[in-house]
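The lines below spell out each chain.
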Amino acid sequence: MGWLLSPSLRPSDKIREPFNVSSVAQAGAYYSLADETEVERRRRENQEQKAYLYSCFDRLGISYVPSETNFVYMKTERPVEVSEELLASGVIVRDFGTSPALRVGIGTPEDTDATVAALEAAVAKLGPL
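Note that the structure is predicted; figures quoted are calculated from it, not measured.

Where do I start with the overall build of the protein chain in this structure?
If you tally the helices and strands in the protein chain, you get five helices and four strands. Its helices and strands taken in sequence order, the protein chain reads α-α-α-β-β-α-β-β-α from the N to the C terminus. When burial is assessed residue by residue, the protein chain has 29% of its 129 residues classed as buried. A fraction of 56% describes how many contacts in the protein chain between residues 6 or more apart in sequence connect residues 24 or more apart.

Looking at this structure, how should I read the packing of helix H4 (residues 79–88) against helix H5 (residues 109–126)?
Viewed as axis vectors pointing N to C, H4 and H5 meet at an angle of 125°, and their least axial separation amounts to 9 Å. In this view, H4 runs oblique relative to H5, as classed from their interaxial angle. In this structure, H4 crosses over H5, and the sense of that crossing is right-handed. Residue-level contacts link Glu-81, Val-82, Glu-85 and Leu-86 of H4 to Ala-118, Leu-119, Ala-122, Lys-125 and Leu-126 of H5. Its residues assigned to classes, the contact of H4 with H5 comprises six nonpolar, no polar and three charged.

Looking at this model, I keep getting lost on the nonpolar core. Mind explaining?
Considering soluble globular proteins, one finds that nonpolar side chains tend to be buried as a cluster. Core analysis: the biggest nonpolar cluster contains 23 residues, and Phe-57, Met-74, Leu-86, Leu-119 and Leu-129 have the highest contact counts within it. Mapped by element, the contributors of at least two residues to this core are helix H3 (36–60), strand S2 (71–75), H4, strand S4 (101–105) and H5. When residues of this core are assigned to their parent elements, the largest contribution, six residues, is made by H5. Contacts of Leu-129, omitting those with residues within four sequence positions, involve Ile-62, Met-74, Lys-75, Thr-76, Glu-77, Arg-78, Val-82, Leu-119, Ala-122 and Val-123.

Would you mind showing me how to read the sheet that holds S4 here?
Picture the strands of a sheet paired through backbone hydrogen bonds; they go either parallel or antiparallel. With respect to topology, four strands assemble into an open sheet ordered S1-S2-S4-S3, the strand pairing being antiparallel. Among the strands making up the open sheet, the edge pair consists of strand S1 (64–65) and strand S3 (94–95). The sheet contact formed by S1 and S2 spans two bridges and is antiparallel. Paired with Tyr-64 across the bridge in S2 is Met-74. The strands touched by H4 within the sheet are S2, S3 and S4, with S4 carrying the most contacts at an inclination of about 30°.

Sorry if this is basic, but what is going on with the pairing of S4 here?
Alignment of S2 against S4, held across five bridges, turns out to be antiparallel. Paired with Tyr-73 across the two strands is Arg-103, which belongs to S4. Judged from the two bridges that link them, S3 and S4 form a sheet pairing that is antiparallel. Within the sheet, the bridge partner assigned to Arg-94 lies in S4 and is Arg-103. Where S3 folds back on S4, the antiparallel hairpin that results is connected by five residues, among which Gly-97 adopts a positive phi of roughly 70°.

Cut-off values and rules
Residues numbered from 1 in each chain as written. Predicted model: local features only at pLDDT ≥ 70, side-chain atom pairs only at ≥ 80, totals over all residues. Heavy atoms only, no water. Helix = DSSP H or I, 4+ residues; strand = E, 2+ residues; numbered from the N terminus. Buried < 20%, exposed > 50% of the residue type's maximum accessible area, 1.4 Å probe, protein only. Contact = heavy atoms within 4.5 Å. Axes fitted to C-alpha atoms, helices over the stretch in contact; angles between N-to-C directions. Parallel < 35°, antiparallel > 145°, perpendicular 65-115°, else oblique. Left-handed = near helix turned anticlockwise from the far one by under 90°. Nonpolar A, V, L, I, M, F, W, Y, C, P; charged D, E, K, R; others polar. Core = buried A, V, L, I, M, F, W, Y, C linked by side-chain atoms within 4.5 Å. Pairing = 2+ DSSP bridges.

Take a look at the structure:
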């Protein structure tokens, strides 16, 4: 995430949300919805990765809110500390300050493997999350 810390950022980049989507990407996403086979493949992959993430949460004793989206709310009383620990492992989650939860995105199998490894490392270092 070095680009977030770079002093050479354009002024508009300093206020840009980290997961914003350009208008070109939005148009591409809109037109991609016509490919029903691809939409179904991605829906299935999302469900599979979410189930795998749930099993990790269960194994590590992490509470979560089941979701019908491409993200899951993971409950934790130490959201900032856990978020920083995951970021140190290269996994970006969204924290909400002192709210006792983190928003964990669902991605590719490789993304999920990285998230699981980061969660395992966080539990090993911090104890129960």
